[in-house]
Amino acid sequence: QVQLVESGGGLVQAGESLRLSCAASGSIFGIGTMGWYRQAPGKQRELVADISNGGSINYADSVKGRFSISRDNAKNTVYLQMNSLKPGDTAVYYCKALIDQRVGGWNVYWGQGTRVIVSS
């Protein structure tokens, strides 16, 4: 089995920063694209940013210039550096990873979510 464990969420004031981490562990042969999604109350889950194993990156327009995604392949970990946070960034942030388990092939896994609250 595979687990994605997120950390780094919390309560901050507008303009401050947070860094989220997501570490994958378990039966892993390889990892493809890793990403961060978020879901605000009453809204659908949306892509924040993702990064391929080759380093190609996508950002939601709403976070471009403020958020930065990176990964450490040796640690099976993806990070999301969030700067200049706004109240509109308040949401539960979920990590997603495409994982090659060799036996069973490629599967998508989600973390349990970490809550980010930005006060004005």
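Structural data are supplied above this passage.
Nothing here was measured: the structure is a model prediction, and the numbers come from that model.

## With respect to the side chain of Asp50
If you trace the backbone, Asp50 turns up in strand 5 (residues 46-51). For Asp50, which is buried and forms no salt bridge, the nearest opposite charge comes from Lys96, at a distance of 7.2 Å. Contact partners of Asp50, with chain neighbours within four places excluded, come to Thr33, Met34, Gly35, Ser56, Ile57, Asn58 and Ile69.

## Regarding the nonpolar core
Generally speaking, nonpolar side chains in soluble globular proteins are found buried as a group. Membership of the largest hydrophobic core comes to 30 residues, with the highest contact counts inside it found for Trp36, Leu80, Met82 and Tyr93. Within the residue set of this core, elements represented by two or more residues are strand 1 (2-7), strand 3 (18-26), strand 4 (30-39), strand 5, strand 7 (67-72), strand 8 (77-82), strand 9 (91-100) and strand 11 (114-119). Considering every element that reaches this core, the biggest residue donor is strand 9, with five residues. Dropping the residues within four chain positions of it, Tyr93 is found in contact with Glu6, Leu20, Trp36, Tyr37, Arg38, Val48, Phe67, Leu80, Met82, Gly113, Thr114 and Val116.

## Here we look at the sheet that holds strand 7
One open sheet accounts for four strands, arranged 1-3-8-7; its pairing is antiparallel. Sheet topology places strand 1 and strand 7 at the edges, where each strand pairs with a single neighbour. Averaged over all adjacent pairs, the angle separating strand axes in this sheet is 15°, with direction ignored. Strand direction decides the pairing type here: strand 3 and strand 8, joined by six bridges, are antiparallel. Paired with Arg19 across the bridge in strand 8 is Gln81.

Calculation criteria
- Residues numbered from 1 in each chain as written.
- Predicted model: local features only at pLDDT ≥ 70, side-chain atom pairs only at ≥ 80, totals over all residues.
- Heavy atoms only, no water.
- Helix = DSSP H or I, 4+ residues; strand = E, 2+ residues; numbered from the N terminus.
- Buried < 20%, exposed > 50% of the residue type's maximum accessible area, 1.4 Å probe, protein only.
- Lys, Arg positive; Asp, Glu negative; His and termini not counted.
- Salt bridge = Lys/Arg side-chain N within 4 Å of Asp/Glu carboxyl O.
- Contact = heavy atoms within 4.5 Å.
- Core = buried A, V, L, I, M, F, W, Y, C linked by side-chain atoms within 4.5 Å.
- Pairing = 2+ DSSP bridges.
- Axes fitted to C-alpha atoms, helices over the stretch in contact; angles between N-to-C directions.

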